[in-house]
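Structural description and commentary
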Amino acid sequence: MNVLLFNASPKKNGATQEILAIMKEQISTDVNVDMLCLGDFNIAYCLGEKCCYETCTCIQEDDMQQIIDRIDQADKIVIVAPSYWADVPGQFKVFIDRCTPYSDTNPNQEHRKLKAGKVCYAVALRTGTRPMECEHIIDTIKHWCGHMKIEMPDSMYFCGINDKADIGLYQDQIAKKAIEWFL
Ligand SMILES: Cc1cc2nc3c(=O)[nH]c(=O)nc-3n(C[C@H](O)[C@H](O)[C@H](O)COP(=O)(O)O)c2cc1C
């Protein structure tokens, strides 16, 4: 099995990464684990030209294909996204826009397809205490999964998270989910 741990934030040493690090510790050594942080990639904004509706290819050449290839290699993906202004971080939204050539968002057009049978789990986190913002982020990831033909069977979220140290409180809960998700 190939697992991709996907940090949907620009930051590689924060709470988002800590959640993925705890998960990684629980994954058996015979599983191939890939880990990425969106902040490490150069992903240009979608220019809205809609050329990909016809060609199934983006006119821009950057790191996007590299990320798509890594998603395509994975059987299971975990996407962890913090709340930025009550939504996903801008880098992740740009990434989603650029997935258009691989999505069925334009039903009458052809599109590229990822390998079938992938599963994605979503995790959201925020500093504020009300769950609504996290639920919105989970919905955004679910929406992306739907159009990418990826199943999303489960998710979780954490409120009241300022930084990496706050994740310690939830270490057992995260480890338990990882065992369940990567059995
Ligand atoms: C630009 C920015 C905007 C943020 N906006 C919100 C917000 O709207 N609501 C919230 O609860 N937390 C917000 N936060 C806090 C983050 O969701 C929280 O600190 C999270 O733990 C960040 O994860 P990280 O440590 O991996 O960067 C924001 C943080 C940043 C940097």
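Look above for the structure.
Heads up: these notes are all about the structure in this document. (Residues numbered from 1 in each chain as written. Predicted model: local features only at pLDDT ≥ 70, side-chain atom pairs only at ≥ 80, totals over all residues. Heavy atoms only, no water.)

**Considerations on the state of the cysteines**
Within this structure, the stated rule accounts for zero disulfides. Note on Cys 52: no disulfide assigned, nearest cysteine sulfur contributed by Cys 58 at a separation of 6.6 Å. Unpaired in terms of disulfides, Cys 99 finds its nearest cysteine sulfur in Cys 145, a separation of 10 Å. A residue is classified by how much of its surface remains accessible, and Cys 99, at 1% relative accessible area, is buried. (Disulfide = S-S within 2.5 Å. Buried < 20%, exposed > 50% of the residue type's maximum accessible area, 1.4 Å probe, protein only.)

**Section: the sheet that holds strand S1 (residues 2-7)**
Taking strand neighbours across the sheet as the criterion, the five strands line up as S2-S1-S3-S4-S5 in an open arrangement whose pairing is parallel. Strands at the two margins of the open sheet, each flanked by one partner only, are strand S2 (32-37) and strand S5 (151-158). Ignoring which end each strand starts from, the neighbouring axes of this sheet average 15° apart. Here seven bridges tie strand S3 (residues 76-82) to strand S4 (residues 119-125), and the two strands are oriented parallel to one another. Residue Ala 81 lies in a different strand from S4, and its bridge partner there is Ala 124. Relative to the sheet, helix H3 (residues 64-73) contacts S1, S2 and S3, its axis offset from that of S1 by approximately 140°. (Pairing = 2+ DSSP bridges. Helix = DSSP H or I, 4+ residues; strand = E, 2+ residues; numbered from the N terminus. Axes fitted to C-alpha atoms, helices over the stretch in contact; angles between N-to-C directions. Contact = heavy atoms within 4.5 Å.)

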